[in-house]
Amino acid sequence: MSGSTQHWIARPGQPLRGTVRVPGDKSVSHRAIMLGALAEGVTRVSGFLEGEDTRATARVFEQLGVRIETPSASERIVHGVGLRGLRASAAPLDCGNAGTGMRLLAGVLAGQAFDSVLVGDASLSKRPMRRVIDPLARMGARIDAEEGGLPPLRIHGGQALQGIDYTLPVASAQVKSALLLAGLYANGDTIVHEPHPTRDYTERMLAAFGWPITFSPGFARLSGCGVLRATDVNVPADFSSAAFFLVAASIVPGSELRLQAVGMNPRRTGLLTALRRMGADIREENATEQGGEPVADLVVRYAPLHGIEVDGELAPDMIDEFPALFVAAACAEGATTIRDAAELRVKESDRIATMAQGLRALGLDVEEHPDGATIVPGPLRAGEVDSHGDHRIAMSFAVAAQRAAGEVRIGDVANVATSFPGFDTLARDSGIWLAPGA
């Protein structure tokens, strides 16, 4: 059903029970394809996310001359061509809805000898790319965009890139990663400083592929013109996908749910910290490491939540999980105020405005701020909400409906397949009531 219907109907179901394994981490899946393609040798990827975003990235590299096999679902075998082995594509490279794919590809393609054009769907075509274009230009890249720095991106090949020492004006793992990937092709050192530490997936994976890199929270440094060596990548379960079940089990009385082998990258788990501050009962078990990434089972039980203040300390580590946090806040005791999250205004939708609009449609009082919102909890009523094509908004309201007084109709849900194919089936199996709309 996910990705094939435009509406969902959700209403209160059963307590969430059992054991759930959510799909593979989207960020790791993107990067495994990219670095596998640029490496010398054959990279085997297990746990690959079978979502539209990650498949789009794989298709782009196939267009660029990389052979990628799919022996079974969630597996890829990437036959690397080396840093200089990509070939020009006569057709534009379609990133679909993947902002991560487009921004990281901009860094890779800036260092190629040939021209490329990156395009995306209607949603991605409205997302700003100037923040990645400008620092890449400082490295010597030539990238043209539409007015306002919007896609399509026309990347001119044959440019001599030079490493730079750059401080990001706004913390962004995607921009940092684009600069580091361009730095693979640059002369000298590429150094990136962040105002707040962000996810270090790219740094960890570059190290796993044998590239000398130095990194610590808020800092990364590498030199160009080396060699990536193929390696096997075991993708952990996606924390952003687990987030919906963490919140659902926290707010539905009687719930106790185990989420298996979830990626626990410390720059990704801000929601876990926030939920625990709200009083959530979530414990970690079977902690281990997969391909340089920490993983653990998360066992979550229902617990009464209370409102908190979320600010710049946590915001960069949970930017994709804020829609789920809005739902937790809606079901808590006392108001929750979110600050320092202006990045939410330029995601797949304006997530602050879209979540506020949806929660108001269900009867809540939500005050928007330029960089966040204040959510005043209360009884959720039946109603109709529009996800504006944003997969995380759609899934969040499916969770919110479990505490509503009646039926919630969720519009424009086709894009759920971009990040979480099969969400509806997994949700129903765990106790959430969810069905395709008429």
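As a starting point, this report considers the structure included with it. Model, not experiment: these values are computed from the prediction.

**Notes on helix α11 (residues 391–400)**
The periodicity of an α-helix, 3.6 residues per turn, causes residues three or four places apart in sequence to face the same way.
Inference 1: Burial within α11 is extensive, with ten of its ten residues counted as buried.
Inference 2: For α11, the set of buried residues is His 391, Arg 392, Ile 393, Ala 394, Met 395, Ser 396, Phe 397, Ala 398, Val 399 and Ala 400.

**Structural notes on the packing of aromatic side chains**
Inference 1: Within the structure shown, the criterion is met by five aromatic pairs.
Inference 2: When the centroid spacing of 6.2 Å and the interplanar angle of 55° are considered together, the rings of Phe 245 and Phe 420 count as tilted. Taken together, the positions of Phe 245 in helix α7 (residues 239–251) and Phe 420 in the loop between β23 (408–411) and α12 (423–430) put the pair 175 residues apart, joining distant regions of the chain. The pair formed by Phe 245 and Phe 420 is uniform in burial state, with each residue classed as buried.
Inference 3: These aromatic residues form a ring-pair network of at least three members: Trp 8, Phe 244, Phe 245, Phe 420 and Phe 423.

**Examining the side chain of Lys 26**
Inference 1: Relative to the elements of secondary structure, Lys 26 occurs in helix α1 (residues 26–38).
Inference 2: Overall, Lys 26 belongs to the buried group, its relative accessible area being 9%.

**Notes on the nonpolar core**
Inference 1: Membership of the largest hydrophobic core comes to 79 residues, with the highest contact counts inside it found for Trp 8, Leu 259, Phe 322, Ile 410 and Phe 423.
Inference 2: In terms of residue count, α7 provides more of this core than any other element does, ten residues in total.
Inference 3: With 65 residues, the next largest nonpolar core counts Ala 32, Val 108, Ile 213 and Val 233 among its residues.

**A look at the environment of Glu 147**
Inference 1: With respect to the secondary-structure elements, Glu 147 resides in the loop between β8 (142–146) and β9 (150–156).
Inference 2: Taking C-alpha positions, Glu 147 is 40 Å from Phe 245, a pair spaced 98 residues apart along the chain.

**A word on the sheet that holds strand β4 (residues 67–69)**
Inference 1: Strand order in the open sheet made by the four strands is β4-β5-β3-β14, with mixed pairing throughout. Each edge of the sheet is formed by a strand with only one pairing partner; in this case those strands are β4 and β14 (233–234).
Inference 2: Pairing of strand β3 (residues 42–46) with strand β5 (residues 75–79), which is carried by five bridges, proceeds in the antiparallel orientation. Bridge pairing in β5 links Arg 44 to Ile 77.

The rules we used
- Residues numbered from 1 in each chain as written.
- Predicted model: local features only at pLDDT ≥ 70, side-chain atom pairs only at ≥ 80, totals over all residues.
- Heavy atoms only, no water.
- Buried < 20%, exposed > 50% of the residue type's maximum accessible area, 1.4 Å probe, protein only.
- Helix = DSSP H or I, 4+ residues; strand = E, 2+ residues; numbered from the N terminus.
- Phe/Tyr/Trp six-rings, centres within 6.5 Å; stacked < 30°, edge-to-face > 60°.
- Core = buried A, V, L, I, M, F, W, Y, C linked by side-chain atoms within 4.5 Å.
- Pairing = 2+ DSSP bridges.

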